[in-house]
Amino acid sequence: MTMATTPTQARTLLLTFFGPFPGVPVNPTVALAEGAQRLLTRMRPDLNVITRELPVSYDGSSTALRAALQEVQPDALISLGVAVGRDVVSLEQVTINLDSAGIEDNDGDQRCDEPIAPGGQEAYFSSLPVRASFERLRAAGEPVEISYTAGTYVCNHVFYEGQRISRELGLSIPAGFVHVPATCADGEKTTEDTGMTAHRDAGGVVRDEQGIPQLPESTVVRIIAEVASDTLPAVN
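Residues numbered from 1 in each chain as written. Predicted model: local features only at pLDDT ≥ 70, side-chain atom pairs only at ≥ 80, totals over all residues. Heavy atoms only, no water.

As annotated in an unreviewed UniProt entry, the protein chain is Pyrrolidone-carboxylate peptidase from Rothia mucilaginosa.

If you want it as structure tokens, here you go:
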């Protein structure tokens, strides 16, 4: 008698992104998360990719991220944010327990040297395969870097809270943050005026020369999908 085989249960990736905030009227992470979800559906049908928008709000992002983690119970968490002025995709390595930025969040909250979690751990390292993904993607000629500062705005806040809250909920999962540069549609030439403003506190790079660096959207989507695939490799 032939025994019935049980199909491998799909694993779930929670992919978060942000909407507009001061200096970023259109946040590229919206389209990038959707694009990565579509690409991973083709690349990795064994993965269930769920996207969630988080508010650009210190308190609101914590609440929304906790709710998403509780609801989805993912096998991995990757959060996306834009760092205007960077010219490559940054795989963030470390997050610090600090909110401090010269711009307000979307609730009008401006913070200076405030801990994200009073009495909490001072920093967390990413639990994504940052080094392995970086080495593989760089060898393939992709525009990537390892970054050691995620800023001190809501991106760093979400990176920190992803680590803290997942542990608090008992989710032993890889979690981390990917900063993306400004993007342009495939086939379009980069424009000097993106309508965006670079903020150092938000992880951005303020450059002396004119123009904001941009990468083709498809390039960034591909990198995000590859990092996701490294994080949750296919099970043979």
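## A short note on the overall build of the protein chain
Assigned secondary structure in the protein chain consists of 5 helices and 10 strands. Here the protein chain holds 236 residues, and the buried ones make up 51% of them. Looking at the protein chain alone, contacts between residues at least 24 apart form 82% of all its contacts between residues at least 6 apart. As presented, the protein chain carries roughly 11,000 Å² of accessible surface, and 50% of it is formed by carbon and sulfur atoms. (Helix = DSSP H or I, 4+ residues; strand = E, 2+ residues; numbered from the N terminus. Buried < 20%, exposed > 50% of the residue type's maximum accessible area, 1.4 Å probe, protein only. Contact = heavy atoms within 4.5 Å. Areas by Shrake-Rupley, 256 points an atom, 1.4 Å probe, with all protein chains shown as cover.)

## A look at the packing of aromatic side chains
By convention here, two paired aromatic rings are described through the distance between centres and the angle between planes. Applying the stated criterion across every chain, the model contains 4 aromatic pairs. Measuring from ring centre to ring centre gives 6.0 Å for Tyr 58 and Tyr 153, while their planes differ by 85°; the resulting arrangement is edge-to-face. Here Tyr 153 lies in the loop between strand S7 (144-147) and helix H4 (154-168) and Tyr 58 lies in helix H2 (residues 58-72), a separation of 95 residues in the sequence. According to the relative accessible area criterion, Tyr 153 is buried, its value standing at 2%. What links up through ring pairs into an aromatic cluster is the set Phe 21, Tyr 58 and Tyr 153. (Phe/Tyr/Trp six-rings, centres within 6.5 Å; stacked < 30°, edge-to-face > 60°.)

## Some thoughts on the sheet that holds strand S3 (residues 76-82)
A sheet is described by the order of its strands in space; here 6 strands give the open sequence S2-S1-S3-S8-S4-S7, paired in mixed fashion. Edge positions in the sheet fall to strand S2 (47-54) and S7, since each has one partner strand and no second. Averaged over all pairs of adjacent strands, the angle between strand axes in this sheet comes to 25°, irrespective of strand direction. Relative to S3, strand S1 (residues 11-18) is paired through 4 bridges, and the arrangement is parallel. Considered in S3, the bridge of Leu 13 is made with Ala 76. Most of the contacts of helix H3 (residues 130-139) go to S7, to which it runs at about 155°, and overall it touches strand S4 (89-92) and S7. Sheet strands touched by helix H5 (residues 217-231): S1, S3, S4, S7 and strand S8 (175-180). Its angle to S3, the strand with the most contacts, is close to 155°. (Pairing = 2+ DSSP bridges. Axes fitted to C-alpha atoms, helices over the stretch in contact; angles between N-to-C directions.)

## Quick word on the pattern of salt bridges
Per the counting criterion, the structure on display carries 16 salt bridges. The salt bridge partner of Asp 59 is Arg 111, with a shortest N-O separation of 2.9 Å. Separated by 52 residues along the polypeptide, Asp 59 in helix H2 and Arg 111 in the loop between strand S5 (94-96) and strand S6 (123-125) bring together distant segments of the chain. (Salt bridge = Lys/Arg side-chain N within 4 Å of Asp/Glu carboxyl O.)

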